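Descriptive structure summary
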Amino acid sequence: MTLSLEERWTLIDKISRETVTFGKYEHTLKDAIGELTVKPLTGIPVAIAIMYGFWSAFGSFAGTLMTDGFFVKLFDGYWLPWLQGAFPGQGSWLYSIMVDAGGLGGSEFVLSDTCFEAFGVLTSGIFVAIGVVLPAISIFYLMLALLEDVGYMPRLAVLLDTVLHRVGLHGYAIVPTILSLGCNVPGVAATRILETKKQRFIMMTLLAIFIPCGAQIGIMDKVVPALMGWILLYLIIGYFIFGYILNKVVPGKAPEFLIDVPPYRKPLMRNITKKIWGRITGFFKVALPFVMLGCAIVNVLYLLGVIQWLGDVLAPIFVGWFGVPKETAGPLVAAFLRKDLAVAQLSVINMTDYQRITAVVLVTIYFPCVATFAMMLKEGWKELIAAIGVLIIVVFTYGGLIHLIGIILGVAE
Amino acid sequence: MGHPNVGKSVFFNRLTGANVTESNYPGTTVDYTKGWMKIEGEDVELVDVPGTFSLDPKDKAEDVAVAMLHETRDVKVISVIDASKIERGLYLALEIIEEGYPVVIALNMWDVAWDKNIRIDARKLEQILGVPVVPTTAISGEGIKELVSRLKDIQPVEVDDIIANAGGLT
Amino acid sequence: MTVQSQSQLQSESSSTAAIYFAILGIVTTAFGLADLLVTAGGAEFVYGTAILEIPNDIFRGGWGGLVVLSAGLFYLSGAKNIGEIHQFAKVAMGSILIWIMAGSDIFAMITESIPGGEDGSWFNTLDGFLAMYAPPYAPAVLLLPFSLVVLYYIYHRD
Ligand SMILES: Nc1nc2c(ncn2[C@@H]2O[C@H](COP(=O)(O)OP(=O)(O)OP(=O)(O)O)[C@@H](O)[C@H]2O)c(=O)[nH]1
Ligand SMILES: [Mg+2]
């Protein structure tokens, strides 16, 4: 037998009256601080402080200490020269793919000085994965795990609810967004907590297009630190503009629901280490092979002349529409496998600062990496195709817009 | 089964030794995970599901949980309730009981309820509902042993009996 | 929730606290403003015998200055009637912001002090290591000891 809604609540009322006593509850400091973090006037400074701490710790640990402090020295000073000498057959295909392409495309073979220039699977590939991305995601996931376990995320959701409603998303959309900053794959999975198909579709599309993952942010911070602010600004603005447009054109509803805010809790050391460990092992199993594979594929395509050909064919689009050098074609191919690798490859192409901003933004928005792609497919192939449609439109309009802004500002031509 | 963020995944990890993500926000788990635990030397399959507010799913994650329950009629349900928000937790528990599933109730976050000066007479609750009710604190492991020990002898109960025990619906 | 049931700070210690945090609030606000002005001005600022160093980059001076300024305003708005829990929470929040800022700055110093630098050996020399911790300090680091006073009040509230 089943009860009606009212009957059930009446029954619960009766039961709880007999079994539960609510004692006097004192408002604690924790509750009062909790309230401060969700009210806009006080919550926004707190959010800024938390982002500040997040970013500062990220840069200090990944950039200053690990990558610049030790890994660059290790890879450029020891690993690269040693491999250049020890690996047989300088100038051969295998050598170019695995170790050092020696100034790809150029007529003369010159040994590279840094692991960024070498392009080899065992040099650039391993350096990017271990030397840059691994420290970045380690610290990133530590901070993320702290935010998750303390219970800050739902509060951020409440705080941002009004803003996100403008783009047809619920405040809770910030949760998938933040998870995506670690990796887009769990971010896409987390869209399941949104209620309607419309919300899920908008969210998934925005994540795949505009949110760079931790690996990518790590390498961006290494190769274009001075331009980070601009790149992130363009991505955030894009997220909102296209969120707004999608909300207008995608049919369906975007209903409200109440966000359940849990109390702040002290994070458990055991849980934090478990999470980080899980994610780092995941990195070695999934990301590392993809970085190396991506490196190999791009190198092969270079040697076959495919990339140069692609660059020439697409030159009008690259140069004319986006305002970036045609060599960008290479990194864009790599971007499909791993975006971090693509950004690393962009860094050695000769271009102006504004072109670099544009190029990095393009790499970010241009296509989700394979892992994200697979995850989106799991959520529904119709949505995936629609998302790709949106993506193509976004890349062309937004890429063109950024170029246009550059022309207006007088920093592009 | 239980509402989001009540500690289901903590239970699951403790009981099966699995590594499902536990976080302090609702909606951490969005897919089900199966695992094995031992009860008195016997292997028993345990499933961790996303949190849901009722058996009438509102989103895709809740869908997964409810579908999992309905697909497998022949199951026992550990209904995890946040003891500091017991009423809404009972709502879902009652729904599950009404559908005829054998249920054991874990009054989790017992420590939190205690700190908030909420006192629950678990024994009396058990008498009224006719299903085992065990106070637990999943993160420290308190009550988990008892919960497991009572899993084997749970039976479906009639909601009419519950109403009678509670003294009618008026 | 009712307010009158809350444990009040004893009145005399409460007025000391109010004065203390009001002053700290004024100093913190001033530091925050100085941060922002220096950043807007563009040149780094080092005070006298090199105790205080105000950063001038957009991130540390600009965003960081904004956080320090907010911390100051939290102190100021919470100092009045500090025995009341919601007011006290603002003061506590002011200190938390300072801890985030100072924590970031100190962590940055630590990470800079360990490696040996581009041409040096793997690790820094002991002298070089220690030199990193010498003054001048960023505003939040200077404010850190004074912000810790809030802990005393948190533990002595009841
Ligand atoms: N104080 C206290 N915290 C607990 C207890 N049980 C779980 N938690 C915490 O509550 C939070 C939520 O736990 P989860 O196991 O992720 O919750 P869940 O029910 O799986 O949530 P969803 O997957 O979102 O449905 C975590 O931060 C746990 O550490 C408890 O008994 N006492
Ligand atoms: Mg869970």
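Structure: see above.
Residues numbered from 1 in each chain as written. Chains lettered and ligands numbered in written order. Predicted model: local features only at pLDDT ≥ 70, side-chain atom pairs only at ≥ 80, totals over all residues. Heavy atoms only, no water.

For the rest of this paragraph, the subject is the overall build of chain C. A count of helices and strands for chain C gives six helices and two strands. Mapped from its N terminus to its C terminus, chain C presents α and β elements in the order α-β-β-α-α-α-α-α. Taking all 158 residues of chain C together, the buried fraction comes to 40%. Taking as baseline every contact in chain C between residues at least 6 positions apart, the subset at least 24 positions apart corresponds to 67%. Total accessible area computed for chain C in this model is approximately 8,000 Å², and 69% of it derives from carbon and sulfur atoms. (Helix = DSSP H or I, 4+ residues; strand = E, 2+ residues; numbered from the N terminus. Buried < 20%, exposed > 50% of the residue type's maximum accessible area, 1.4 Å probe, protein only. Contact = heavy atoms within 4.5 Å. Areas by Shrake-Rupley, 256 points an atom, 1.4 Å probe, with all protein chains shown as cover.)

Moving on: the coordination of the magnesium ion (ligand 2). Any two of four tetrahedral donors ideally make an angle of 109.5 degrees at the metal, while pairs among six octahedral donors ideally make 90 or 180 degrees. Residue and element names in this part refer to chain B. The protein atoms that coordinate the magnesium ion (ligand 2) are Ser9 (OG) and Thr29 (OG1), at distances of 2.0 Å. Of this pair, Ser9 sits in helix H1 (residues 8-16) while Thr29 is found in the loop between H1 and strand E1 (33-39), placing the two residues 20 residues apart along the sequence. Like Thr29, Ser9 is buried. (Donors = N, O, S within 2.8 Å, 3.2 Å for Na, K, Ca; no water.)

For the structure on display, the rule yields 21 salt bridges over all chains. Of the charged contacts, one joins Lys38 of chain B and Asp43 of chain B as a salt bridge, the two residues approaching to 3.1 Å between their closest N and O atoms. Exposure remark for Asp43 of chain B: the relative accessible area of 48% places this residue in the partly exposed category. A salt bridge links Arg60 of chain C to Asp105 of chain C; the nearest nitrogen and oxygen atoms lie 2.9 Å apart. With a gap of 45 residues between them, Arg60 of chain C in helix H2 (residues 58-79) and Asp105 of chain C in helix H3 (residues 85-113) connect regions that are remote in the sequence. Asp105 of chain C gets classed as buried once you look at its relative accessible area, which sits at 11%. Put simply, Glu148, Asp149, Lys275 and Arg279 of chain A are held in one network by salt bridges that share partners. (Salt bridge = Lys/Arg side-chain N within 4 Å of Asp/Glu carboxyl O.)

Our next topic: the side chain of Thr191 of chain A. Relative to the assigned elements, Thr191 of chain A resides in the loop between helix H9 (184-190) and helix H10 (197-210). For Thr191 of chain A, the contacting residues outside a window of four places in its chain are Pro176, Arg200, Met203, Met204 and Leu207 of chain A.

Accessible area lost upon the coming together of the parts is a frequently used measure of interface size. Listed per partner, the contact involves 48 residues of chain A and 51 residues of chain B. Summing both sides of the interface, chain A and chain B together bury roughly 4,400 Å²; the carbon and sulfur share of this comes to 56%. Remark: the boundary between chain A and chain B carries seven salt bridges. Among the ionic pairs, Arg88 of chain B bridges to Asp260 of chain A, the shortest N-O distance being 2.5 Å. Across the contact surface, chain A and chain B share 25 residue pairs in polar contact (both at pLDDT 80 or more). Tallying contributions element by element places helix H1 (residues 5-19) of chain A first for the side of chain A that touches chain B, with twelve residues. Per-class residue counts for the side of chain A that touches chain B are 24 nonpolar, eight polar and 16 charged. (Buried area = accessible area lost by both parts, 1.4 Å probe. Polar contact = N/O pair within 3.5 Å; in protein donor to acceptor, adjacent residues only side chain to side chain. Nonpolar A, V, L, I, M, F, W, Y, C, P; charged D, E, K, R; others polar.)

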